[in-house]
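Coordinate inspection notes
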Amino acid sequence: MFDKVYDVIVVGGGHAGSEAAAAAANMRSSTLLITMNLQNIAQMSCNPAMGGIAKGQILREIDALGGYSGIVSDTSAIQFKMLNKSKGPAMWSPRVQSDRMRFAEDWRLMLENTPNLDFYQDMVSTLIVDNDEVVGVRTSLGLEVSAKTVVLTNGTFLNGLIHIGDKNFGGGRAGERAATGITEQLVELGFESGRMKTGTPPRVDGRSLDYSKMVVQPGDEVPEKFSYSDVTKPLTEQRDCHMSFTSPLVHDLLREGFERSPMFNGRIKSTGPRYCPSIEDKINRFATKDRHQIFVEPEGWNTVEVYVNGFSTSLPEDIQFKALRSVVGFEKVKFFRPGYAIEYDYFPPTQLKHTLETKLIKGLFFAGQINGTTGYEEAASQGLIAGINAALQVQEREEFTLKRNEAYIGVLIDDLITKGTEEPYRMFTSRAEYRTLLRQDNADLRLTPKGYELGLASEKRLRRMEEKHSKSEAFVEFFKQTSVQAEDINPILEANDSALVNQSGKLFKIFARPNISMDDVRQIESVEAYVQEHNLDKETIEQAEIQVKYSGYIDKEKNNADKLNRLEDLKIPEGFDYSKLKSMSIEARQKLEKIQPRTISQASRISGVTPSDVSVLLVYMGR
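Since the model is a prediction, treat every value here as computed from it, not as a measurement. (Residues numbered from 1 in each chain as written. Predicted model: local features only at pLDDT ≥ 70, side-chain atom pairs only at ≥ 80, totals over all residues. Heavy atoms only, no water.)

**Re the UniProt feature "binding site: FAD" (unreviewed entry) in the protein chain**
If you check UniProt for "binding site: FAD" (unreviewed entry), the listed places come out as Gly12, Gly13, Gly14, His15, Ala16 and Gly17 in our numbering. Here glycine 13 lies in the loop between β1 (5-11) and α1 (15-26). For glycine 13, a relative accessible area of 7% corresponds to the buried category. Those residues in contact with glycine 13 that sit more than four places away from it in its chain are Ser18, Leu33, Thr35, Asn40, Ile41 and Ala42. Mapped onto the elements, glycine 17 comes out in helix α1. (UniProt positions renumbered as here; feature names shortened; annotations may be inferred. Helix = DSSP H or I, 4+ residues; strand = E, 2+ residues; numbered from the N terminus. Buried < 20%, exposed > 50% of the residue type's maximum accessible area, 1.4 Å probe, protein only. Contact = heavy atoms within 4.5 Å.)

Here's what the structure looks like:
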């Protein structure tokens, strides 16, 4: 079976591994996915949800490029919500509650129906490296498989250690063993490694909860979907989530277990996620707060298992149980399993190129939590980029990278390899300086042409995107060219407490007012006639409205991005010797030597590199 030399071997079948394997195989590279348990492909190890603040934008980008996560999120969704609708469109973020079992099943079936993709269940214990180039892998059963490239997506399994109170045991996830061997070998090869921590809440029996005491959290009245393709449809039925709160009593009960908590007694030494802290961390850091939100999330359409979002913990199970029973609605709760924390190995991502190939070993790529990130979406996006570039390298094609003004994925990867991370990295809209350009609604316009060029997005998708783009642009032009009489628009302006006009004017100027909506202008006969005549759908209309409302901001960000891209075009020769730049600070020289930025723009974003250091670099490159 394994006499052949695979183009790409993907190690690990989580979100990063699944996207990497799908991308490489769909780009016609012979691909082998090796994972420790084929029953757990694309397992949702933590919460049963996809998307959210900035993460929803990433999922839309994955889908626009031709990845699978958006489609699977749609087919397995039980609730859809567009978050931050009260804010501007740059902040809107789609999110779904997922059926955990259906999500993993749909991913597995999509992968099984992907040509050029083989599967094997075993643990990869060693990489086979020859002259600083990876040439294959060796498994725990002693099997050797040759490959031209290897993508490591090990998640939390590298020397994973699970903590529940004063108990700890090896494992990469509840009920699954840890992976050993790879960290030790990579360190011997010259890689720097570290340890990180994450945690998960208890899972409980929904039949033991009193939902009547909780606040209902329904989905959107008119739900949308993630994927731009027509193979999925919006939900017609949804399941509610619920919300409850902790209390001073709950906090006091939790504090009783602090001396037995690995978080506080020194057993856990690694850094946990800043923006998803454990419940014990929250009541310790925010001691003046007398309550915290608890989100009660069903795990699927039919199961009674419930995820207690906001109650992530590694406290002893008896403390977890006693405290949770004091939460409103949880008075008779029954556990399916307690929460736990897990420590695992990662490799500081400054050791990577923008392609996610390692700098030390040719053909070796890292994606997901091995790079210090946290979250399904962050992992999936890295897997997609690593899988794409592994396939491109084998095919001797030009590498594929995304700039910061092109995608949240570009921001994520640039942050990782330029700045590194010492705590689990999570994406937020605030990390993207061009978030007005990188909205969830236009990911297809930004990235579908790139996905099509790679061979991942279909021609049908490209044509749909082009039609949406041309129709929305034409609609915007209609507003610019069409005038409206004062007597026709003033009643609408008056109803919206907007200043009246004395004479006719272009619709664009009226529509650009912040308190005038598309529903308002569609009351004008000529606008509604245009919508009906050109059969404009909701996506196209929304796109046109954003272009009118935010045209000034969008133009400003495009100008700023163009300035940045001029620095992106200034390449730094590979292996450049920074020691000869004596007028540059020692810290800057050391940081530049370590990270080896590829462009002046990337160099300018490195912590410790000042504008004057960049000027020195620019002068030298100019010579």
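**What to know about the packing of aromatic side chains**
Inspection of every chain in the model, using the stated rule, returns 18 aromatic pairs. When the ring of phenylalanine 478 is compared with that of phenylalanine 479, the centres are 5.6 Å apart and the planes differ by 70 degrees; the resulting orientation is edge-to-face. Each member of the pair, phenylalanine 478 together with phenylalanine 479, is buried. Ring geometry for phenylalanine 576 against tyrosine 620: centres 5.6 Å apart, planes inclined by 70 degrees, an arrangement best described as edge-to-face. Linking phenylalanine 576 in the loop between α18 (551-568) and α19 (586-595) with tyrosine 620 in helix α21 (residues 611-622), this pair joins segments that are 44 residues apart in sequence. (Phe/Tyr/Trp six-rings, centres within 6.5 Å; stacked < 30°, edge-to-face > 60°.)

**Some remarks on the pattern of salt bridges**
Counted according to the given criterion, the structure contains 38 salt bridges. With a shortest N-O distance of 3.2 Å, lysine 322 and glutamate 256 are connected by a salt bridge. Of this pair, lysine 322 sits in helix α8 (residues 317-324) while glutamate 256 is found in the loop between α6 (248-255) and α7 (279-285), placing the two residues 66 residues apart along the sequence. A cluster of three or more residues bridged by salt bridges with shared partners is formed by Arg404, Asp414, Asp415, Lys419, Glu433 and Arg605. (Salt bridge = Lys/Arg side-chain N within 4 Å of Asp/Glu carboxyl O.)

**Concerning the side chain of aspartate 414**
Summarising the element assignment, aspartate 414 is placed in helix α10 (residues 408-419). In this structure aspartate 414 comes out as buried when scored by relative accessible area, which is 3%. Aspartate 414 has contacts with His354, Arg404, Lys419, Gln602 and Arg605, leaving out every residue within four places of it along the chain.

**Quick look at empty space enclosed by the protein**
Evaluation of the coordinates by the stated rule reveals 2 cavities of 30 Å³ or more. Together, Asp74, Ala77, Phe80, Val96, Glu224, Lys225, Lys233, Pro234 and Leu235 line the largest cavity. When the residues that make up the lining of the largest cavity are grouped by side-chain class, the tally is 5 nonpolar, no polar and 4 charged. When residues are assigned to domains, the lining of the largest cavity turns out to be shared by domain 1 (6-199 + 344-454) and domain 2 (203-340), each giving three or more. Taken as a whole, the second largest cavity encloses approximately 30 Å³ of empty space. His354, Ile385, Thr401, Leu402, Ile409, Gly410 and Ile413 together form the lining of the second largest cavity. Counting residues per element, the lining of the second largest cavity draws most heavily on α10, at 3 residues. Residue composition of the lining of the second largest cavity, grouped by class: 4 nonpolar, 3 polar and no charged. (1 Å grid on protein atoms, 1.4 Å probe; cavity = no way out; pocket = protein on both sides within 12 Å on 5 of 7 lines; lining within 4 Å. Points joined across faces, edges and corners; volume = space filled by probe spheres on them. Nonpolar A, V, L, I, M, F, W, Y, C, P; charged D, E, K, R; others polar. Domains from an automatic or database assignment.)

**Notes on the sheet that holds strand β15 (residues 241-245)**
Ordered in space as β14-β15-β16-β17-β13-β18, the 6 strands form an open sheet in which the pairing is antiparallel. A strand with exactly one partner marks an edge of an open sheet, and here the two such strands are β14 (215-217) and β18 (335-337). Across the sheet, the mean angle from the axis of one strand to that of its neighbour is 35 degrees, orientation sign disregarded. In the sheet, strand β13 (residues 203-205) pairs with β18 via 2 bridges, with the strands oriented antiparallel. Across the sheet, the residue bridging to arginine 203 is arginine 337, located in β18. (Pairing = 2+ DSSP bridges. Axes fitted to C-alpha atoms, helices over the stretch in contact; angles between N-to-C directions.)

**A look at the packing of helix α12 (residues 459-481) against helix α16 (residues 525-533)**
Contact geometry of α12 with α16 gives a least axis separation of 12 Å together with a crossing angle of 160 degrees. Relative to α16, α12 is oriented roughly antiparallel. The hand of the α12/α16 crossing is right-handed. Counted together, Ala474, Phe475, Phe478 and Phe479 of α12 and Ser526, Val527, Tyr530 and Val531 of α16 form the full contact between these two elements. Class assignment for the residues of the contact of α12 with α16 results in 7 nonpolar, 1 polar and no charged. (Parallel < 35°, antiparallel > 145°, perpendicular 65-115°, else oblique. Left-handed = near helix turned anticlockwise from the far one by under 90°.)

**Things to note about α8**
Within α8, burial applies to Ile319, Gln320, Ala323 and Leu324. Looking straight down α8, one finds its buried side chains confined to an arc of 120 degrees; they lie on one side. Contacts made by the buried residues of α8 are with β10 (161-164), β13, α6, β17 (305-309) and β18. (Arc of directions from axis to C-beta.)

**Considering the pairing of strand β16 (residues 293-298)**
Of the strand pairs in this sheet, β15 and β16 are connected by 4 bridges, and their pairing is antiparallel. For methionine 243, the partnering residue across the bridge sits in β16 and is phenylalanine 295. In this structure, β16 lies alongside β17, joined through 4 bridges in antiparallel fashion. Looking across to β17, one finds that glutamate 297 is bridged to tyrosine 307. Hairpin connection, β16 to β17: the antiparallel pair is bridged by 6 residues.

**Quick word on the layout of surface pockets**
Quantified by volume, the second largest pocket comes out at close to 680 Å³. Lining the second largest pocket are 31 residues; nearest its centre among them are Lys225, Tyr228, Arg464, Asp537 and Glu539. Contributing elements (two or more residues each) for the lining of the second largest pocket: α11 (443-454), α12 and α17 (538-549). Among the elements that make up the lining of the second largest pocket, the one with the highest residue count is α12 (6 residues). Of the residues that constitute the lining of the second largest pocket, the class distribution is 7 nonpolar, 8 polar and 16 charged.

**Quick notes on the sheet that holds strand β4 (residues 77-83)**
One open sheet accounts for 3 strands, arranged β3-β5-β4; its pairing is antiparallel. With one partner strand each, in any of the chains shown, β3 (49-51) and β4 form the two edges of the open sheet. The average undirected angle you get between the axes of adjacent strands in this sheet is 20 degrees. Bridge analysis of β4 against strand β5 (residues 93-98) gives 6 bridges, and the strand direction is antiparallel.

**Quick word on the nonpolar core**
Counting 103 residues, the largest nonpolar core has Ile9, Val150, Leu152 and Leu364 as its most contacted members. The greatest single-element share of this core, amounting to 10 residues, is contributed by helix α9 (residues 376-394). Beyond its immediate chain neighbours, meaning those up to four positions away, leucine 152 contacts Val11, Leu127, Ile182, Leu186, Leu364, Phe365, Phe366, Ala367 and Ile370. Grouped together as the second largest cluster of nonpolar side chains are 25 residues, Leu493, Val501, Ile516 and Ile541 included. (Core = buried A, V, L, I, M, F, W, Y, C linked by side-chain atoms within 4.5 Å.)

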